[in-house]
Amino acid sequence: ELILVDNGSTDATAEVLASLIAQPAYRFARTVRVPVNRGYGYGIWQGLLAARGETLAFSHADQQCDAADVFTAYHELFRSRSPHSTLVKGRRRGRALQSRFVTSVMSVVAGVVLGYRLRDINAQPKLFPSELLEDLSAPPNGFEFDLYVLYRARRAGYQVRTVPVEFGPRAHGVSKWATSVFSRWRTMLGVFRYIFRLRLSGGA
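Residues numbered from 1 in each chain as written. Predicted model: local features only at pLDDT ≥ 70, side-chain atom pairs only at ≥ 80, totals over all residues. Heavy atoms only, no water.

Colleague: Account for the packing of aromatic side chains, with residues named and values stated.
Modeller: Following the criterion strictly, the structure yields seven aromatic pairs and no others. An angle of 75° between the planes, with centres 6.4 Å apart, marks the rings of Tyr-26 and Phe-28 as edge-to-face. Aromatic ring contacts, followed pair by pair, group Trp-45, Phe-58, Phe-128 and Phe-145 into a single cluster. The positively charged end of Arg-38 is found above the aromatic ring belonging to Tyr-42, 4.1 Å away from the centroid. The residue whose ring lies beneath Arg-95 is Phe-167, and the NZ or CZ to ring-centre distance is 5.6 Å. (Phe/Tyr/Trp six-rings, centres within 6.5 Å; stacked < 30°, edge-to-face > 60°. Lys NZ or Arg CZ within 6 Å of the ring centre and 35° of its normal.)

Laid out in C-alpha cells, this is it:
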C-alpha cells in the first residue's frame, strides 16, 4: 500500500491526489488528510497510524530520494538475521559539504548525549516492522521525529542497517527549514534541545 499524507496543504493538493488515486493503476494508494499542519513529524505519524502492513516505511515526497529506495531497504531488512528487530534507513550520498557538516554535528551530539551511534539521522527512507509503533509512545510533531524513531528503536534493541541512497536536488516544493544558514541552525538548535529533553526524560 502507498499512503500519501496531505499535511495541511492549502493549495489544490487534495483535489490532485483524489484525481490520481481514482485511476485504476493507483488503486493501491490512498490518502490521509491532516486538516491543519501541526508539523513534519505529526504528518508522518498520521500516515504510519493509518498503515495496515507488517512492514512500514516512510520517506519524503519531494523526490530528493528515489521512491524505489524503499524496496532496496525492504530487501536489506530480510538480509538481517532478525528482521523483526531491525530498522533499515538510507545513507545519503551526493550532498553538499555544508549539509554533511550539519548532519555530522547532529549525529555526534546525539550519540554523546543519548549513548547510541545515530548516523545521518534524517536520511530517508526508514523501514521497520510495524511492532516498533508500540514503542513510539510520544512522538514529536516536528523535525525531531526521525531522531525519536531511531532512538526508540535502539532502546528497544533494534539493529540499524543502512542502504546508500542518492540525494539529489528537490524536485517539488520549497524547504521550510533550510532556506538559509540561519534557518538551518535555528532548526538544529531545536533538535539539540530535544536531544537533551530526551535524555532528561529517560527517553520517553
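Picking up after the structure, the text goes on.
Colleague: Help me get a handle on the sheet that holds strand β3 (residues 55–58), residues and values and all.
Modeller: Strand pairs in the sheet, formed through backbone hydrogen bonds, run parallel or antiparallel to each other. With mixed pairing, four strands are arranged side by side in an open sheet as β3-β5-β4-β6. Strands with a single pairing partner mark the edges of an open sheet, and in this sheet they are β3 and β6 (159–166). The mean angle between the axes of side-by-side strands here comes to 20°, regardless of whether they run parallel or antiparallel. Bridging between strand β4 (residues 86–93) and β6 involves eight bridges; their strand directions are parallel. Residue pairing across strands places Leu-87 opposite Val-160, the latter belonging to β6. Running over the sheet, helix α5 (residues 145–155) touches β3, β4, β5 (126–129) and β6 and is turned about 140° from β4. (Pairing = 2+ DSSP bridges. Helix = DSSP H or I, 4+ residues; strand = E, 2+ residues; numbered from the N terminus. Axes fitted to C-alpha atoms, helices over the stretch in contact; angles between N-to-C directions. Contact = heavy atoms within 4.5 Å.)

Colleague: A description of the nonpolar core should follow, citing residues and the corresponding values.
Modeller: In this structure, Leu-48, Leu-114, Phe-128, Leu-147 and Ile-195 are the most contacted members of the largest nonpolar core, which totals 32 residues. Broken down by secondary-structure element, the contributors of at least two residues to this core are α2 (40–50), β3, α4 (97–114), α5 and α6 (181–200). Apart from the residues within four sequence positions on either side, Leu-114 is in contact with Leu-147, Tyr-151, Ile-195, Leu-198 and Arg-199. (Core = buried A, V, L, I, M, F, W, Y, C linked by side-chain atoms within 4.5 Å. Buried < 20%, exposed > 50% of the residue type's maximum accessible area, 1.4 Å probe, protein only.)

Colleague: Report on the pattern of salt bridges, specifying residues and quantitative values.
Modeller: Once the charged atoms of two side chains with opposite charge are near each other, the side chains can pair. All told, the structure shown has eight salt bridges when counted by the stated rule. Across the salt bridge formed by Arg-161 and Glu-76, the nearest N and O atoms sit 2.8 Å from each other. Note that Arg-161 is positioned in strand β6 and Glu-76 in helix α3 (residues 69–77), a separation of 85 residues in sequence. Put simply, Lys-126 and Asp-146 hold a salt bridge, and the shortest N to O gap is 2.6 Å. Of this pair, Lys-126 sits in strand β5 while Asp-146 sits in helix α5; the two residues are 20 residues apart in sequence, bridging distant segments of the chain. Classification of Lys-126 as buried rests on a relative accessible area of 0%. Among the residues examined, Asp-146 registers a relative accessible area of 0% and is labelled buried. If you follow the salt bridges from partner to partner, you end up with Glu-1, Arg-30 and Arg-52 in one network. (Salt bridge = Lys/Arg side-chain N within 4 Å of Asp/Glu carboxyl O.)

Colleague: Can you lay out α4 for me, pointing to particular residues and giving the numbers?
Modeller: Relative to the 26 Å expected for 18 residues at 1.5 Å per residue, α4 spans 25 Å between its end C-alpha atoms, a close match to the ideal helical length. Taken together, the buried positions of α4 are Ser-99, Val-102, Thr-103, Met-106, Ser-107, Ala-110, Val-113 and Leu-114. Summarising the axial view, the buried residues of α4 lie within an arc of 145°, below the 170-degree limit, and thus occupy one face. In α4, those exposed residues whose orientation departs by more than 90 degrees from the buried face are Leu-97, Val-108 and Val-112. (Expected span 1.5 Å × (residues − 1). Arc of directions from axis to C-beta.)

On their own, these measurements won't tell you what the molecule is for.
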